[in-house]
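Per-entry structural report
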Amino acid sequence: MRFNYDFEIASLIILTIILLHFILIRQFPTDKTRIFKILLLTCIGECGINIVSSICIANTAIVPLFWNELFVFAFFALEGLCSYLIFRYMMVVCEYEGNSKKIMMAVGTIPFLIFELMLIITPLIGFFYYFEDRQYYQGFGSACGFIYIAFYFALNIIMILMRRKTVARRTKVIVVIYCIAAITGILIQLKWHHLLLTSTGNVIILLMIYLAMQNPDELLDTVTGTGNENAFIIQMKSMMGHPDSKVIMTVYIRQFYQISTLLGYENSNMLLADIGSYLVDVCGKFRVFHVSVDTFNIFVESRDEAVALRQKLERRFAEGWIVLQNDVVLNMAIITQHYPRDFKTITEYRGLWQYLLEYAKSSGNQTFFETNDAAIEEYQRRNKVEIAVNKAIREKSFEVYYQPIYSLKEKRITSLEALVRLRDDELGYISPNEFIPLAEKDGNVIHIGQQVLEECCKFLARHILSNASLGIKNVHVNISAAQCLRPDLKKTVVTMLEQYHIPPSMISLEITERTAISAPKLMNKHMEELGRLGMTFSMDDYGSGNSNCSYLVQYPFQEVKIDKQMLDAYFESKSARIVLENEIRTIQKLGIPLVVEGVENREQSEEMERLQVDCIQGYYYGKPMPEMDCLRYIRNLNTSPEEYGK
Ligand code: C2E
Ligand code: CA
Ligand code: CA
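Structure report, in brief.

What counts as what
- Residues numbered from 1 in each chain as written.
- Chains lettered and ligands numbered in written order.
- Predicted model: local features only at pLDDT ≥ 70, side-chain atom pairs only at ≥ 80, totals over all residues.
- Heavy atoms only, no water.
- Near = heavy atom within 4 Å.
- Polar contact = N/O pair within 3.5 Å; in protein donor to acceptor, adjacent residues only side chain to side chain.
- Areas by Shrake-Rupley, 256 points an atom, 1.4 Å probe, with all protein chains shown as cover.
- Helix = DSSP H or I, 4+ residues; strand = E, 2+ residues; numbered from the N terminus.
- Nonpolar A, V, L, I, M, F, W, Y, C, P; charged D, E, K, R; others polar.
- Patch = residues over 30% accessible without salt bridge, like charges linked within 9 Å, V, L, I, M, F, W, Y side chains within 5 Å.
- Salt bridge = Lys/Arg side-chain N within 4 Å of Asp/Glu carboxyl O.
- Buried < 20%, exposed > 50% of the residue type's maximum accessible area, 1.4 Å probe, protein only.
- Donors = N, O, S within 2.8 Å, 3.2 Å for Na, K, Ca; no water.
- Core = buried A, V, L, I, M, F, W, Y, C linked by side-chain atoms within 4.5 Å.
- Axes fitted to C-alpha atoms, helices over the stretch in contact; angles between N-to-C directions.
- Parallel < 35°, antiparallel > 145°, perpendicular 65-115°, else oblique.
- Left-handed = near helix turned anticlockwise from the far one by under 90°.
- Contact = heavy atoms within 4.5 Å.
- Phe/Tyr/Trp six-rings, centres within 6.5 Å; stacked < 30°, edge-to-face > 60°.
- Lys NZ or Arg CZ within 6 Å of the ring centre and 35° of its normal.
- Expected span 1.5 Å × (residues − 1).
- Arc of directions from axis to C-beta.
- Pairing = 2+ DSSP bridges.

**Details of the site of ligand 1**
- The environment of ligand 1 is formed by 21 residues, the closest being Gln403, Arg421, Asp540, Glu600 and Tyr619.
- For ligand 1, an oxygen atom lies 3.2 Å from a polar atom in the side chain of aspartate 541.
- Protein coverage of the free-state accessible area of ligand 1, which is 790 Å², stands at 83%.
- Secondary structure elements with two or more residues in the shell around ligand 1: strand S11 (412-424), helix H14 (432-442) and strand S15 (536-542).
- Among the residues forming the shell around ligand 1, the class breakdown is eight nonpolar, six polar and seven charged.

Here's what the structure looks like:
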């Protein structure tokens, strides 16, 4: 029979062009790219051998039988491999994980192994083909070859259907076109035996995959020329498929946002491009990833390499970068995480990474952060605390304790501070100093604030309003920055108070100065609006940060609470003594009443009395207590004040 090779020759040319382009445009060495490369080479081999073996079969009289047998065998072997590799490529595209990955892999690999086994014994039993009188004949199992190909068609389609929600639309289109092309090819070949079309279907799918799914720019960051975040995740997943240990190094540039505001968009992009190309020079093209504006991630092979690289980067960053003929010195931090020692999954990696990054952001000039046991422990503890907070929000299980505020002038307890308490089955008591800052970050503090305010309203309605003889003027409630930043703060507070018929004057909101300055205009608006209704405001933790009396002029505070830190320092150093005395005098001159926090003994109390402080809050006048204990405490001590401190 004379064969028509035209389609095969055209296919060979197209496949070779794709291969050349693939080699010239270097692509990220992902699993997808690796399989694509093997598939491309297999298809080229199959196409070439198909042409050669067809020529041989057409000329059996002059071609030695051995060569004929060899080429036919090789053709079958590569054809079997080709279907299997398309399946492997689709597996990567479908991103199967865990058990379903293992099952799919077994379902797809077993037929391939059986096919190749049957091929190996074909020269002995004539399963797929046999030669007689130097002529090629189809064997008794030749139909199995078609079944084999049909099986992989079906499997690819089933895989795509199973993952239809996550797989991209273009992938589905490619698979449909591939099936149509392959079935058309088979039908044509059944009708016209002399037409060789085996590789035409392969060319169609490879071309489509290459154009649509092997897009090299997809994984590149256009600004820096390094890999993008997507590429990083793909590399991470690939890394986790192998047991070898690796180090992931993060280079974080501090205050890049501020720098880019000064430099402008284009110049800061040029700076990033410089940094990116330097990192690529030092680390290699496919190992550097620009994962967010101020952060690069680098894959490093070993601990020793990480140490050497770190030293190199520290030296380079100390030198500065030239932007618009100016030397810009960047403050950077390096974080290293070891796989599989520090993390096993991407979720674990990300959690730990974010934790270390936050730590790096708030740690001034420190340049190196490594995941160590303490960091992992802290991170895990933080996760557990976050879970406990979420659970308490869901179950409304926060408790509120009340701490007395004692008036030195009236010689009795006049106010209380509401302090939230969280008790978890697993972690036990968790201090608000630990969970409030976490809840501030994820916004949960708003729910906590609501629950505390509600508990407080219930307490006031049940025990305080109806009991004027207790002499409690108001209850102080702490309010966080996240709550103050909400424009509807007034509405939520007022709605709650109305629900329990609480006069606004019974609540004093405690605000730290950090909170006040985070949104000055909004804060002033809240204070004015709620103040008009009779609610009062206390400046909390005065003296714990960069205190400034000017805030007392800027905001209408009715009270200032001096922090325990300042009180303790007062008894430790002469200069701190002078500072506190002056602060107290200034605040008194401004006519704002003062509360001193953290008073633990008689000496401290008497000293504050001498300075004519208005009120005192501290263990000396009572620790935070559950509401019933607190009521009992107030009743006892407001009637027999000589009991304080005993
Ligand atoms: P804070 O507002 O400064 O509250 C005073 C803290 O000092 C309380 O700690 C209290 O128990 C403690 N304290 C009072 N007197 C003494 C003393 O004599 N000695 C010592 N060593 N400590 C004393 P607590 O209850 O652990 O609260 C810590 C912080 O958590 C609070 O500091 C406040 O910033 C925050 N917090 C507590 N409850 C809430 C809340 O409901 N909402 C918000 N947003 N924050 C809260
Ligand atoms: Ca407070
Ligand atoms: Ca305080």
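**Some remarks on a nonpolar patch on the surface**
- Where nonpolar side chains cluster on the molecular surface, the patch consists of Phe146, Ile183, Leu187 and Leu190 and spans about 400 Å² of accessible area.
- At three residues, helix H6 (residues 169-191) tops the list of elements feeding residues into the nonpolar patch.
- Tracing the chain through its elements places leucine 187 in helix H6.
- For leucine 187, a relative accessible area of 54% corresponds to the exposed category.

**Some thoughts on the coordination of the calcium ion (ligand 2)**
- For the calcium ion (ligand 2), every protein donor is listed as Glu417 (OE), Asn478 (OD1), Glu510 (OE) and Asp540 (OD), and the spread of their distances is 2.1 to 2.3 Å.
- Expressed as a motif, the donor residue spacing for the calcium ion (ligand 2) is E-x60-N-x31-E-x29-D.
- In this model, the calcium ion (ligand 2) sits 3.8 Å from the calcium ion (ligand 3), the two metals being bridged by aspartate 540. Here glutamate 417 is found in strand S11, whereas its partner aspartate 540 is found in strand S15, with 123 residues between them in sequence.

**Some remarks on the coordination of the calcium ion (ligand 3)**
- Here the calcium ion (ligand 3) is held by the protein donor atoms Asp540 (OD), Asp541 (OD), Glu597 (OE) and Glu597 (OE), which lie 2.2 to 2.6 Å from it.
- Of note, the donors binding the calcium ion (ligand 3) are all from one chain and are spaced D-D-x55-E.
- Under the relative-accessibility criterion, aspartate 540 is labelled buried at 6%.

**Section: the nonpolar core**
- Residues Phe398, Tyr402, Leu416, Phe435, Ile448, Ile562 and Met608 are the most contacted members of the largest nonpolar core, which totals 82 residues.
- Of all the elements, helix H15 (residues 445-464) adds the most residues to this core, at 10 residues.
- Among the nonpolar cores identified, the runner-up in size contains 58 residues, and Ile18, Ile35, Ile174 and Val175 belong to it.

**Looking at the packing of helix H9 (residues 256-263) against helix H10 (residues 265-283)**
- Axis separation between H9 and H10 bottoms out at 6 Å; the angle between their running directions is 125°. By the angle between their directions, the pair H9 and H10 is classed as oblique. Between H9 and H10 the crossing geometry is right-handed. Across the interface between the two elements, Phe256, Ile259, Ser260 and Leu263 from H9 touch Tyr265, Asn267, Ser268, Leu271 and Leu272 from H10.
- In the contact of H9 with H10, the residues fall into six nonpolar, three polar and no charged.

**Describing the packing of aromatic side chains**
- One pass over the full model with this rule turns up 41 aromatic pairs.
- Measuring from centroid to centroid gives 5.2 Å for phenylalanine 317 and tryptophan 321, while their planes differ by 65°, and the two rings are edge-to-face. An identical accessibility class is assigned to phenylalanine 317 and tryptophan 321; each is buried.
- Both rings, one in tyrosine 570 and one in phenylalanine 571, keep their centres 5.1 Å apart while their planes meet at 70°; by these two values the pair is edge-to-face.
- Residue classification places tyrosine 570 among the buried residues on the basis of a relative accessible area of 1%.
- What makes phenylalanine 571 partly exposed here is its relative accessible area of 27%.
- For arginine 163, the ring lying beneath its charged end belongs to tyrosine 96, and the centroid distance is 5.2 Å.
- Over the aromatic face of tyrosine 278 sits the side chain of arginine 316, whose NZ or CZ is 5.6 Å from the ring centroid.

**As for helix H11 (residues 303-319)**
- Helix length check: H11 (17 residues) gives 25 Å between terminal C-alpha atoms against 24 Å at 1.5 Å per residue, within 8%.
- Listed in full, the buried residues belonging to H11 are Ala306, Leu309, Leu313, Arg316 and Phe317. Angular distribution of buried residues about the axis of H11 spans 95°; they occupy a single face of the element. Summarising the geometry of H11, the exposed residues directed more than 90 degrees from the buried face are Asp304, Arg315, Ala318 and Glu319.

**Some words on the pattern of salt bridges**
- Using the criterion set out here, one finds 34 salt bridges in the structure.
- One network of salt bridges, in which partners are shared, links Glu417, Glu510, Lys561 and Glu597.

**So, the environment of cysteine 47**
- If you trace the backbone, cysteine 47 turns up in helix H2 (residues 31-58).
- Residue classification places cysteine 47 among the buried positions, given a relative accessible area of 0%.
- Considered as a pair, cysteine 47 and serine 11 are 36 residues apart in the sequence and their alpha carbons are 7.4 Å apart.
- Setting aside anything within four residues of it in sequence, one finds cysteine 47 in contact with Glu8, Ser11, Leu12, Leu15 and Ser199.

**Digging into the sheet that holds strand S5 (residues 295-300)**
- An order of S4-S5-S3-S8-S9 is seen for the five strands of this open sheet, with the pairing classed as mixed. Looking at strand neighbours, the two that pair on one side only are strand S4 (288-292) and strand S9 (368-370), the edges of this open sheet. Neighbouring strand axes in the sheet, compared pairwise and without regard to direction, differ in orientation by 20° on average.
- Pairing of strand S8 (residues 332-339) with S9, which is carried by three bridges, proceeds in the parallel orientation. Paired with isoleucine 335 across the bridge in S9 is phenylalanine 369.
- The strands touched by helix H8 (residues 229-240) within the sheet are strand S3 (246-253), S4, S5 and S8, with S4 carrying the most contacts at an inclination of about 120°.
- Of the strands in this sheet, S3, S5, S8 and S9 touch H11, which is tilted by about 15° from S3.

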